[in-house]
Amino acid sequence: MVALAPSSRDTVMVDGTARLYRFPAGTPGGPPVLLVPSLINRWYVLDLRAGSSMVEGLTAAGLDVFCLDWGEPNDEDRYLEWDDVVARLSRTIRRVRREVGGEPIGVLGYCIGGTLSTIHTALEPESVSALVNLAGPIDFSEAGFLGHMTNPRWFDPEAIAGAGNMSAQQMQAGFVALRPTAPISKWVGFLDRLGDAERLEALQSLETWASDNIAFPAAAYVRYIKELYQDNRLIKGEHAVRGKKVDLSRITCPVMTVTTSRDVICPPPSALALNQRASSEDKRHVAIPGGHVGAVVGEKARTILFPALAKFFAETRSTVEA
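Please read these numbers as outputs of a predicted model, since none were measured by experiment.

Rules behind the numbers
Throughout, a residue's number is its position along its own chain's written sequence, starting from 1. With pLDDT at 70 or above as the cut-off, local features in this predicted model cover only qualifying residues; side-chain atom pairs require 80 or more to be listed or tallied, and sums for whole chains, interfaces and linings still use all residues. Side-chain calculation: all heavy atoms of the structure are included, whereas hydrogens and water are not. Buried residues are those whose accessible area, probed at 1.4 Å on protein chains only, stays under 20% of the maximum for their type, while exposed residues exceed 50% and partly exposed ones sit between those limits. In DSSP terms, a helix is any run of H or I states spanning at least four residues, a strand is any run of E spanning at least two, and both are numbered starting from the N terminus. Here, residues are in contact when the closest pair of their heavy atoms is within 4.5 Å. Should DSSP find at least two bridges between two strands, the strands are regarded as paired. As a rule, the C-alpha atoms of each element are fitted with a line to give its axis, helices using only the stretch in contact, and angles between N-to-C directions run from 0 to 180 degrees. Criterion for a salt bridge: a side-chain nitrogen of Lys or Arg within 4 Å of a carboxyl oxygen of Asp or Glu.

Chemist: Looking at this structure, I do not really get helix α11 (residues 268–277). What am I missing?
Modeler: Count 3.6 residues to each turn of an α-helix, and residues three or four apart come out pointing the same way. Taken together, the buried positions of α11 are occupied by Ser-270, Ala-271, Ala-273, Leu-274 and Asn-275. Contacts made by the buried residues of α11 are with α3 (112–123), β8 (128–134), α10 (233–236), β11 (255–260) and β12 (283–288).

Chemist: What is the right way to look at the pairing of strand β6 (residues 64–69) in this model?
Modeler: Moving residue by residue along a regular strand, the side chains alternate between the two faces of the sheet. Summarising burial for β6: six of the six residues are buried, a large majority. Inspection of the sheet shows strand β2 (residues 18–22) paired to β6 by four bridges, in the antiparallel sense. Each residue of the ladder has a partner; that of Arg-19, found in β6, is Asp-69. One ladder, built from four bridges, connects strand β3 (residues 32–36) with β6; its direction is parallel. Bridged to Leu-34 within β6 is Phe-66.

Chemist: Sorry, what's going on with the sheet that holds β8 here?
Modeler: As a general point, the strands of a sheet are linked pairwise by backbone hydrogen bonds and lie either parallel or antiparallel. Pairing within the open sheet is mixed, and its eight strands lie in the order β1-β2-β6-β3-β7-β8-β11-β12. The open sheet has two free edges, formed respectively by β1 (10–15) and β12, since each of these has just one partner strand. Each strand axis lies, on average, 20 degrees off the axis of its neighbour in the sheet, ignoring direction. Contacts from α11 reach β8, β11 and β12, with the element oriented near 170 degrees to β11.

Chemist: Even after reading the chapter, I still don't get the pattern of salt bridges, so can you show me in this structure?
Modeler: Where side chains of opposite charge bring their charged atoms close, a pairing between them can arise. All chains considered together, the criterion is met by 17 salt bridges. The salt bridge involving Glu-227 is made with Arg-233; its shortest N-O contact spans 3.3 Å. Relative accessible area serves as the criterion here: at 12%, Glu-227 is assigned to the buried category. Among the ionic pairs, Asp-231 bridges to Arg-233, the shortest N-O distance being 3.5 Å. We classify Arg-233 as partly exposed; its relative accessible area is 28%. Each of the salt bridges in this network shares a partner with another, and the network as a whole consists of Asp-83, Arg-223, Glu-227, Asp-231 and Arg-233.

In structure tokens, the structure reads:
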């Protein structure tokens, strides 16, 4: 059995169902970085297995790495609002800052975590020294097939979430619709890998993670779909959190957008809107071959993504200290 989430970690904060982890293999005093995974997937895709772990890559490069585990929402969390989700992320960032002496920190958000991290940075720009948006949608007019699926002409999020949290099965069905032949391809790939232990282990670990989805709190889901996917309020400057407009031009820290070449969940133009709207002088773009998940855990992640992230956070930490 493949060992998933192999990196040693300490829990430094508990907030409802959420946990904040710190990885002792990192370097105390090194550039502090908080990893913010998707709200609807298990956090350990960022620490999938030895040799395919962002945590491993960044700690080895001398960073002080933290990760937010959103946890699995309970039935009563159907009333958790989008504002509550953003507030939980903000509390997590404050706690990381306390752990490292109060300085601004680097933040990396993946998928929905990238959207949420961007929103937080626009609301509290003084708390973030550098922001990485890793395949997180910003301009939802460029959302591709998911944008088509959630078109208000045939998609009513309030009706769908009326019975409670969006279950993992419901969320998974939407992603399967993006690639209906994926299950067949998976088994063909499994047979192809039977004689290759390393590739078979990689496939098995990724399959375990992909089948381990979690629910989306109902109230937060409705707002996310209506205001971002259907109304595209974030890019229009009309999205508000806790009564405060989210103005992306308030982001002045260095930003890096990471896109993947075959991403059907977050097409590159959707993520790159951050670079267009932020006021930062230092704006970077890293394009990784592969899909939304494979580019984060595959060979290109080890050779391209992880070194680029480590370099970015080290350079921008030096800028803050200077």
